[in-house]
Amino acid sequence: MQIFHRSTNTLSRATIYGAIFVVAALFWAAAAIQRSPYVTYAGVRRPQPVPFSHQHHVAGLGIDCRYCHTSVETSSFAGIPPTKTCMNCHAQIWTNAALLEPVRESYKSGKSLVWTRVNDLPDFAYFDHSIHINKGVGCNTCHGPVDRMPLMYNQASLQMEWCLECHRAPEKHLRPRDQVFNMRYEEPSSSKPVEVDGKEYTDQLSLGTDLVKKYKLRTVTDITSCSTCHR
Amino acid sequence: MSPTFSADRFSAIFRKSESSRARLEPRWRGESKPKDPYPTTDSSAHRGKGLCGLKACSTLAWFTILLALAGCRQDMHDQPRFKPLAESDFYSDLRSARPPVEGTVARGQLREDSYLYTGKMGNNPGDYMPFPVTTEVLARGQQRYDIYCAPCHSRVGDGNGVIPSRGFPRKPPSYHIERLRKAPLGYFFDVITNGFGSMPDYSSQIEPRDRWAIVAYVRALQLSQDATAADVPAGQKVPSEPPRFEELGSGATLPVVENKPAHEEPK
């Protein structure tokens, strides 16, 4: 007795091959989700007690990052400004703005403003700002166009593959140290060369390679070894 | 005396975002794992009709479970340790870090040399630098000045910075007025440390050595507005090689600099 129709042969073969694709698709979907903003929160703006605008203060007023993030060059932690730093100006400017009420309230009561973290590495990963700044990695290489962010969001996934992508080839990203805080820095090109120590560079790779030597970077093996970031 | 960089009473708190905290919960724990991945395939194959339906069902279930797993992040992401400024619900001020006990002296902050920290000799501002001024010190001073002072005083020190133009009620005076040109170095140090009138103090943002570097640079600015490089006798306390500006705040004319120090940053 023929239970199955002949066509089921083809069908079963198709399902076997199909299964491979289904499994592959599953892996692909999992990988895609793992990298998506659903997991990494890249590009997600967080609610803040005061809608502080980097666009306004950095691009509009020309205030340097270090005016507020005072410890970024010397410690692992960039530093979040205390209320006093805002009050340097806002004790006198926009003193009636409702937006700034939490700042004034905090200044009066001495209670800290509670900002919501945007960039958050897991606790098992070690990160240090000072070394990156001192070896010529610009803020916007990692944080994106901060001077165009009315509200802060994180640009990068901050996942391990993202860190490693640079640690494997730092020369692709380095810039002269004095340009680290320049949010509008452009990589050298033949129309816009970058000058370091009297030498003009017209492409990133030759600039980067020389900076690797100048700033005495360790070897790639060194900075990609697990214990650099997991210690 | 309080240490230079203390966790002052206004320091911010830096909280983990609520949404990420929720997501960091290990969701997979409660879910029961299916025992056999393909228990339905065999039987359904012999039942004929339901073949595709059931298979699709199980695939779908797997798909969902995998997706859910992919979205999971585990315990190790949040460990019982605090990053700087992290929030803690243990203390009533919500800070995880405790302010130092009054009178604590942090490493490297023992104020042995009181002139370095006050700029005063007795009650009067002194007129000398506590350490020799080199080109490095001046370059550092320029950099720090541009960060912390230029928003209000402008890069050339004439008081026409951006902030006064946006409604800061009092315009800072130009550094190039007679009174300030004659002011002793220690006076500037004192203004940075304690503020002056409607100008806030910068003691928590700038450490003492950098304040002195700024002072040296301000003096250099004043000299540069007042003289040419050739006027400066060799061996003067504050070498007054005038800094080069590419962005003149306000039509102030500067003497032309012939040999610019090699490491001075182009701005």
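Residues numbered from 1 in each chain as written. Chains lettered and ligands numbered in written order. Predicted model: local features only at pLDDT ≥ 70, side-chain atom pairs only at ≥ 80, totals over all residues. Heavy atoms only, no water.

Peer 1: Tell me about the overall build of chain A, and please be specific about residues and values.
Peer 2: A tally of helices and strands in chain A yields twelve helices and three strands. The C-alpha atoms of chain A give a radius of gyration of 25 Å, which is well past the 17 Å a tight globule of 231 residues would have. Summarising its shape, the C-alpha atoms of chain A cover approximately 95 × 50 × 40 Å along the three principal directions. Across the 231 residues in chain A, those meeting the buried criterion constitute 42%. (Helix = DSSP H or I, 4+ residues; strand = E, 2+ residues; numbered from the N terminus. Rg over C-alpha atoms; globule rule 2.2 N^0.38 Å. Buried < 20%, exposed > 50% of the residue type's maximum accessible area, 1.4 Å probe, protein only.)

Peer 1: Provide a residue-level description of the overall build of chain B, including the pertinent values.
Peer 2: Broken down by element type, chain B carries ten helices and three strands. For chain B, the sequential pattern of α-helices and β-strands runs β-α-α-α-α-β-β-α-α-α-α-α-α. By the burial criterion, 39% of the 267 residues in chain B qualify as buried. Partitioning the intrachain contacts of chain B with sequence separation of at least 6 by distance along the chain shows that 58% fall at a separation of at least 24. When the accessible surface of chain B is split by element, carbon and sulfur atoms take 57% of a total near 15,700 Å². (Contact = heavy atoms within 4.5 Å. Areas by Shrake-Rupley, 256 points an atom, 1.4 Å probe, with all protein chains shown as cover.)

Peer 1: Can you tell me about the interface of chain A and chain B, naming the residues and giving the values?
Peer 2: At the junction of the two partners, chain A supplies 50 residues and chain B supplies 54 residues. Joining chain A to chain B, the criterion identifies three salt bridges. Glu73 of chain A is paired through a salt bridge with Arg144 of chain B; the nearest N and O atoms lie 2.8 Å apart. Counting only elements with at least two residues in the side of chain A that touches chain B, the list comes to helix 1 (7-35), helix 2 (37-40), helix 4 (65-68), helix 5 (83-90), helix 6 (101-109) and strand 1 (114-116) of chain A. In terms of residue count, helix 1 of chain A provides more of the side of chain A that touches chain B than any other element does, eight residues in total. Residue classes in the side of chain A that touches chain B are distributed as 26 nonpolar, 14 polar and ten charged. Sheet analysis places strand 1 of chain A next to strand 1 (residues 13-15) of chain B, joined by three bridges and oriented parallel. Across the sheet, Thr116 of chain A pairs through a bridge with Arg15 of chain B, a residue of strand 1 of chain B. (Salt bridge = Lys/Arg side-chain N within 4 Å of Asp/Glu carboxyl O. Nonpolar A, V, L, I, M, F, W, Y, C, P; charged D, E, K, R; others polar. Pairing = 2+ DSSP bridges.)

Peer 1: Report on the pattern of salt bridges, specifying residues and quantitative values.
Peer 2: The final tally for this structure, using the stated rule, is 18 salt bridges over all chains. Put simply, Asp146 of chain B and Arg155 of chain B hold a salt bridge, and the shortest N to O gap is 3.9 Å. Look at Asp146 of chain B and you get buried, because its relative accessible area is 10%. A relative accessible area of 26% means that Arg155 of chain B is categorised as partly exposed. By sharing partners, the salt bridges in this structure join Asp64, Arg66 and Glu73 of chain A together with Arg144 of chain B into a single network.

Peer 1: Talk me through the domain arrangement of chain A; I want residue IDs and the actual numbers.
Peer 2: Per the domain assignment, the segments making up chain A are domain 1 (7-34) and domain 2 (38-80 + 115-229). Computed over C-alpha atoms, the centres of domain 1 of chain A and domain 2 of chain A are 41 Å apart. (Domains from an automatic or database assignment.)

Peer 1: So what's going on with helix 10 (residues 204-214) of chain A? Residues and values would help.
Peer 2: All names here are of chain A. All of the buried residues in helix 10 are Gln204, Leu207, Gly208 and Leu211. Seen along its axis, helix 10 keeps its buried residues to an arc of 95°; they face one direction. On the buried face of helix 10, the contacting elements are strand 2 (194-196) and strand 3 (199-201). Trailing helix 10 by a residue or two, Lys216 shows a phi angle of about 50°, which is positive. (Arc of directions from axis to C-beta.)

Peer 1: I'd like a description of helix 9 (residues 185-194) of chain B, backed by residues and values.
Peer 2: All names here are of chain B. Counting buried residues in helix 9 gives eight out of ten residues, a clear majority hidden from the surface. Of the positions making up helix 9, those classed as buried are Leu185, Gly186, Phe188, Phe189, Asp190, Val191, Ile192 and Thr193. Looking one or two residues beyond helix 9, the residue adopting positive phi is Gly195, at roughly 80°.

Peer 1: So what about unusual backbone geometry? Which residues, and what values?
Peer 2: Positive phi values are uncommon outside glycine, yet Lys216 of chain A reaches one of about 50°. Note on Lys216 of chain A: relative accessible area 68%, which makes it exposed. Non-glycine residue Leu94 of chain B carries a positive phi angle of around 65°. Checked against the element boundaries, Leu94 of chain B lands in the loop between helix 3 (51-70) and helix 4 (114-118).

Peer 1: Residue-level account of the nonpolar core, with values.
Peer 2: Residues and elements named next belong to chain B. Within the largest apolar cluster, 39 residues are counted, with the highest numbers of intra-cluster contacts made by Tyr145 and Trp212. For this core, the secondary-structure elements that each account for two or more residues are helix 4, helix 5 (135-148), helix 6 (150-153), helix 9 and helix 10 (208-226). If we skip the residues at most four places from it in the chain, Trp212 touches Tyr115, Leu116, Gly119, Tyr128, Met129, Pro130, Phe131, Leu185, Gly186 and Phe189. (Core = buried A, V, L, I, M, F, W, Y, C linked by side-chain atoms within 4.5 Å.)

Peer 1: So what's going on with the confidence of the model for chain B? Which residues, and what values?
Peer 2: All names here are of chain B. The pLDDT averaged across chain B works out to 72; a share of 63% of its residues lies at or above 70. Note that residues 19-51 has pLDDT below 50 and, in this model, 37 contacts with residues that lie over four places away or in other chains. We note a pTM of 0.84 for the whole complex and an ipTM of 0.85 for its interfaces. (pLDDT = per-residue confidence, 0-100.)

Peer 1: Tell me what's going on with the environment of Pro169 of chain B, and back it up with residues and numbers.
Peer 2: For Pro169 of chain B, the location among the structural elements is in the loop between helix 7 (162-165) and helix 8 (178-182). Residues Pro169 of chain B and Ser11 of chain B, 158 residues apart in the sequence, show an inter-C-alpha distance of 26 Å.

Peer 1: Report on the packing of aromatic side chains, specifying residues and quantitative values.
Peer 2: Following the criterion strictly, the structure yields twelve aromatic pairs over all chains and no others. Geometrically, the ring pair formed by Phe77 of chain A and Phe14 of chain B is edge-to-face, given 6.3 Å between the ring centres and 70° between the ring planes. In this pair, Phe77 of chain A sits in the loop between helix 4 and helix 5 while Phe14 of chain B sits in strand 1, so the two residues belong to two different chains. Ring centres 5.3 Å apart and planes at 35° place the aromatic pair Tyr115 of chain B and Trp212 of chain B in the tilted group. You can see Tyr115 of chain B sitting in helix 4 and its partner Trp212 of chain B sitting in helix 10, a full 97 residues away along the chain. Trp212 of chain B matches Tyr115 of chain B in its accessibility class, with the two residues each being buried. Members of the aromatic cluster, connected to one another through ring pairs, are Tyr145, Tyr175, Tyr187, Phe188, Phe196 and Tyr217 of chain B. The ring of Phe181 of chain A has Arg66 of chain A sitting right over it, with the charged end atom 3.7 Å from the ring centre. Taking the ring centre of Phe131 of chain B as reference, the NZ or CZ of Arg209 of chain B above it sits at 4.2 Å. (Phe/Tyr/Trp six-rings, centres within 6.5 Å; stacked < 30°, edge-to-face > 60°. Lys NZ or Arg CZ within 6 Å of the ring centre and 35° of its normal.)

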